[in-house]
Amino acid sequence: MLCSGGGTNLQALIDAVEAGTIDGQIVLVLANASKAYALERARQHGIPAAFVSKKQAGSDEAFNDVILDKLRAAGAELVVLAGYLPIVGRQIVRAYEHRIINIHPALIPAFCGPGMYGHHVHEAVLAYGAKISGATTHFVDEQVDHGGVILQRSVPVLEGDTPETLAARVLTVEHEILPESVRLFCAGKLGVDGRHVHVL
Ligand code: GRF
């Protein structure tokens, strides 16, 4: 698991693993922010957790090499980006082709791509006047928010919504489709055919 912030998506996965609905285990949580509460959540559940500093690594390339080394050392077979902000290095994408799942707080291909993360997404949805939004899980490829879509779930945009109220409504469906996507992957029920992901 790669995280950057509060880790509510991580928590949803921890809960699903502990409830036995996911046939797998979380072997490592890495965060690019030392104060990311996601690290604390992992530690509270006895999951190995580490801060990886881009500054200390010295370059994007070296930073992603450190992450890849740690993923391999932990024996990770699937990488889940749960509120992870940096762009994943191509060496990781190539090492884990069709084995990196990202959660995006909008209905891709709408409101996604470079710079579209966190509150920026919900501000753009409201500014545009969209009537629905939602969340998307997808496999990560070498472009941003571009890989094959796994699951999507929509929520209404309501009169008077603020970026915060919309974010909270989207977060509830994130916490549903991310564990479901990981459950399907671990059960071998995700078939990939080019851009298309089939639930088998
Ligand atoms: C939220 O904006 C969420 O929509 C996106 O990442 C951010 C933090 O999520 N997926 P989390 O609470 O750290 O999982």
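Everything numeric here is computed off the predicted structure, so don't read it as measured data.

With respect to the site of the ligand
Logical step 1: Taken together, Gly 5, Gly 6, Gly 7, Thr 8, Asn 9, Gly 83, Ile 103, Pro 105, Gly 118, Leu 171 and Glu 174 make up the full set of residues near the ligand.
Logical step 2: The contact in question runs from an oxygen atom of the ligand to an N or O atom on the backbone of Gly 7, over 2.8 Å.
Logical step 3: Within the complex, 81% of the 360 Å² of free accessible area of the ligand lies under protein.
Logical step 4: Structurally, the ligand is housed in the largest pocket.
Logical step 5: Looking at the shell around the ligand, the elements that each hand over two or more residues are helix H1 (8-18) and helix H7 (163-186).
Logical step 6: Tallied by class, residues from the shell around the ligand come to three nonpolar, seven polar and one charged.

Topic: the pattern of salt bridges
Logical step 1: Taken as a whole, this structure holds six salt bridges when the rule is applied.
Logical step 2: Here Asp 60 makes a salt bridge to Lys 54, at a shortest N to O gap of 3.2 Å.
Logical step 3: Note on Lys 54: relative accessible area 37%, which makes it partly exposed.
Logical step 4: Through salt bridges with shared partners, one network takes in Arg 90, Arg 94 and Glu 142.

A closer look at the packing of aromatic side chains
For any two aromatic rings, the description comes down to two numbers: the centre-to-centre distance and the angle of the planes.
Logical step 1: One pass over the structure, following the stated rule, counts two aromatic pairs.
Logical step 2: Ring plane angle 75 degrees and centroid distance 6.0 Å describe the contact between Phe 111 and Tyr 128, whose orientation is recorded as edge-to-face. With Phe 111 in the loop between strand S5 (100-104) and helix H6 (119-128) and Tyr 128 in helix H6, the pair connects residues that are 17 residues apart, well separated along the chain.
Logical step 3: Relative to Phe 185, the ring of Phe 139 has its centre 6.5 Å away and its plane inclined at 65 degrees; by these criteria the two rings are edge-to-face. Within this pair, whereas Phe 139 is found in strand S6 (residues 132-139), its partner Phe 185 is found in helix H7, the two being separated by 46 residues in sequence.

Here's the deal with the nonpolar core
Logical step 1: Membership of the largest hydrophobic core comes to 37 residues, with the highest contact counts inside it found for Met 1, Leu 10, Leu 13, Ile 26, Val 29 and Leu 178.
Logical step 2: Elements represented by at least two residues in this core include exactly H1, strand S2 (29-31), helix H2 (37-44), S5, S6, strand S7 (149-156) and H7.
Logical step 3: Broken down by element, this core gets its largest block of residues, seven residues, from H7.
Logical step 4: Among residues more than four places away in sequence, those in contact with Val 29 are Met 1, Cys 3, Leu 10, Ala 38, Leu 39, Ala 42, Ile 47, Pro 48, Ala 49 and Ala 50.
Logical step 5: In terms of nonpolar packing, the next biggest core, distinct from the first, is built from 19 residues, Leu 28, Leu 68, Tyr 84 and Val 88 among them.

Things to note about H7
Logical step 1: Between the first and last C-alpha of H7 there are 33 Å, a value that for 24 residues agrees with the 34 Å anticipated at 1.5 Å per step.
Logical step 2: Every buried residue of H7 is listed here: Pro 163, Leu 166, Val 170, Val 173, Glu 174, Ile 177, Leu 178, Pro 179, Ser 181, Val 182 and Leu 184.
Logical step 3: One or two residues past the end of H7 sits Gly 188, with phi positive at roughly 70 degrees.

A short note on the side chain of Thr 137
Logical step 1: With respect to the secondary-structure elements, Thr 137 resides in strand S6.
Logical step 2: On the basis of relative accessibility, which here comes to 0%, the residue Thr 137 falls in the buried class.
Logical step 3: For Thr 137, the side chain forms a polar contact with the side chain of Ser 181, separated by 2.8 Å.

Conventions we followed
Residues numbered from 1 in each chain as written. Predicted model: local features only at pLDDT ≥ 70, side-chain atom pairs only at ≥ 80, totals over all residues. Heavy atoms only, no water. Near = heavy atom within 4 Å. Polar contact = N/O pair within 3.5 Å; in protein donor to acceptor, adjacent residues only side chain to side chain. Areas by Shrake-Rupley, 256 points an atom, 1.4 Å probe, with all protein chains shown as cover. 1 Å grid on protein atoms, 1.4 Å probe; cavity = no way out; pocket = protein on both sides within 12 Å on 5 of 7 lines; lining within 4 Å. Sits in = over half its atoms within 2 Å of the grid points. Helix = DSSP H or I, 4+ residues; strand = E, 2+ residues; numbered from the N terminus. Nonpolar A, V, L, I, M, F, W, Y, C, P; charged D, E, K, R; others polar. Salt bridge = Lys/Arg side-chain N within 4 Å of Asp/Glu carboxyl O. Buried < 20%, exposed > 50% of the residue type's maximum accessible area, 1.4 Å probe, protein only. Phe/Tyr/Trp six-rings, centres within 6.5 Å; stacked < 30°, edge-to-face > 60°. Core = buried A, V, L, I, M, F, W, Y, C linked by side-chain atoms within 4.5 Å. Contact = heavy atoms within 4.5 Å. Expected span 1.5 Å × (residues − 1).

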